[in-house]
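Chain residues, written in single-letter form:
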Amino acid sequence: MTTAIAAPPPRYVSPARSLKHGLTLAWRGVLKIRKNPEQLADVVLMPIVFLAMFVYLFGGAISGDTGAYLTMVVPGVMVMNIMQVSLTIGVHMNTDVSKGLYDRFRSMPIARSAPLFGAVLADVVRYLVCLVVLLVVATVMGYRIATDPLSLLAATGLVVLFGLCFCWISIFVGMLMRTPGAVQGLMFVFIMPLSFGSNVFVPSDTMPGWLQAWTDISPVSLLSDALRGLLNGGAVTGPLLGALAWMAAVLAVFFPLAMRSYRKRVT
């Protein structure tokens, strides 16, 4: 009786096949979410907790009433929640590597980058679920979009693009750290000051001068202002260009770092 020996994976995979492999693994990730919907517990509960906590605790003190505060805070919470959702990809990838899942991927005749890009694309589903839940809850609380559906679509696409750029920081950290807990802890320490050192929850003109100087150029503040312009009406171009510049810089720095760390960790 002879034992079949699996053929080694090809050394070169064409870009077209690489894309196909990545999309296939992205669909695998979507199916995992559909079969285990509890994976969406954080993206469903997070918008509800943040909106209820900040609007009802601080809305009256900061804006005089919750309705006015909702107008200011909802676009900012969209940005903050997407940052926190993008944190989990580094944790999940670290977990999968630790459990040996990528050893199995390495033995298959697929592009080496396919599992990584599949995980990134599947995470878009989590972004969209988070945004839908947030906007539904905000509407129930009294928030109303003052522009038009096209502006809402642009705002949604912009914040998803931000998540896709920001997630490479999480992937880079996920490939460096030894344990999922270390990834989550380090990313949390990074995200919280970035979120609260912005104009998401309070106007920047109420802050000390040194903090206001940072807040005015923070990527979270700039993107929040761009979303406020798209959803509430107002200036969009200035903050949008600043936010796009930050996204390009993050992608230029952390995409190659993440890819290099990924290759070292899984090959």
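Note that this is a predicted model, so its numbers are computed, not measured. (Residues numbered from 1 in each chain as written. Predicted model: local features only at pLDDT ≥ 70, side-chain atom pairs only at ≥ 80, totals over all residues. Heavy atoms only, no water.)

### Regarding the nonpolar core
Thought 1: Core analysis: the biggest nonpolar cluster contains 81 residues, and Leu-51, Val-74, Ile-171 and Leu-223 have the highest contact counts within it.
Thought 2: A total of 17 residues in this core trace back to one element, the largest contributor, which is helix H3 (residues 66–98).
Thought 3: Excluding its chain neighbours within four sequence positions, the residues that come into contact with Val-74 are Leu-51, Leu-134, Leu-135, Ala-138 and Tyr-143. (Core = buried A, V, L, I, M, F, W, Y, C linked by side-chain atoms within 4.5 Å. Buried < 20%, exposed > 50% of the residue type's maximum accessible area, 1.4 Å probe, protein only. Helix = DSSP H or I, 4+ residues; strand = E, 2+ residues; numbered from the N terminus. Contact = heavy atoms within 4.5 Å.)

### Observations concerning a positive patch on the surface
Thought 1: A surface patch of like charges, here positive, comprises Arg-28, Lys-32, Lys-99 and Arg-104.
Thought 2: Of note, Lys-99 is situated in the loop between H3 and helix H4 (101–106). (Patch = residues over 30% accessible without salt bridge, like charges linked within 9 Å, V, L, I, M, F, W, Y side chains within 5 Å. Areas by Shrake-Rupley, 256 points an atom, 1.4 Å probe, with all protein chains shown as cover. Salt bridge = Lys/Arg side-chain N within 4 Å of Asp/Glu carboxyl O. Lys, Arg positive; Asp, Glu negative; His and termini not counted. Charge placed at Lys NZ, Arg CZ, Asp CG, Glu CD.)

### Let's talk about helix H2 (residues 41–63)
Thought 1: Across its 23 residues, H2 extends 31 Å between first and last C-alpha, which sits within 8% of the 33 Å expected from 1.5 Å per residue.
Thought 2: Residues Val-43, Met-46, Pro-47, Phe-50, Leu-51, Phe-54, Val-55 and Gly-59 constitute the buried set of H2.
Thought 3: Elements that come into contact with the buried residues of H2 comprise H3, helix H5 (114–141) and helix H7 (180–196).
Thought 4: Looking at the residues trailing H2, positive phi occurs at Gly-64, about 95 degrees. (Expected span 1.5 Å × (residues − 1).)

### With respect to the state of the cysteines
Thought 1: Summed over all chains, the structure comprises zero disulfides.
Thought 2: Summary of cysteine pairing: Cys-165 is not part of a disulfide, and the nearest cysteine sulfur, belonging to Cys-167, is at 7.9 Å.
Thought 3: Residue class for Cys-167 comes out buried when judged on its relative accessible area of 1%. (Disulfide = S-S within 2.5 Å.)

### Examining the confidence of the model for the protein
Any region with low pLDDT has predicted coordinates that should not be read closely.
Thought 1: When pLDDT is averaged along the protein, the result is 85, and 94% of the positions lie at 70 or above.
Thought 2: Considering each helix and strand of the protein separately, the mean pLDDT is smallest for H4, with a value of 72, and largest for helix H9 (residues 219–232), with 95. (pLDDT = per-residue confidence, 0-100.)

### Notes on the packing of H5 against helix H10 (residues 237–266)
Thought 1: In contact at an axis separation of 11 Å, H5 and H10 are set at 130 degrees when each is read in the N-to-C sense. Our classification of the angle between H5 and H10 gives oblique. Contact residues: Pro-115, Leu-116 and Phe-117 in H5; Phe-255, Met-259 and Tyr-262 in H10.
Thought 2: Residue classes in the contact of H5 with H10 are distributed as six nonpolar, no polar and no charged. (Axes fitted to C-alpha atoms, helices over the stretch in contact; angles between N-to-C directions. Parallel < 35°, antiparallel > 145°, perpendicular 65-115°, else oblique. Nonpolar A, V, L, I, M, F, W, Y, C, P; charged D, E, K, R; others polar.)

### Quick look at the pattern of salt bridges
Thought 1: The final tally for this structure, using the stated rule, is two salt bridges.
Thought 2: Between Arg-126 and Asp-123 there is a salt bridge, with its nearest N and O atoms 3.5 Å apart. In this pair, Arg-126 and Asp-123 are both assigned in helix H5, three residues apart and thus about one turn of the helix distant. Considered together, Arg-126 and Asp-123 belong to a single accessibility category, that of buried residues.

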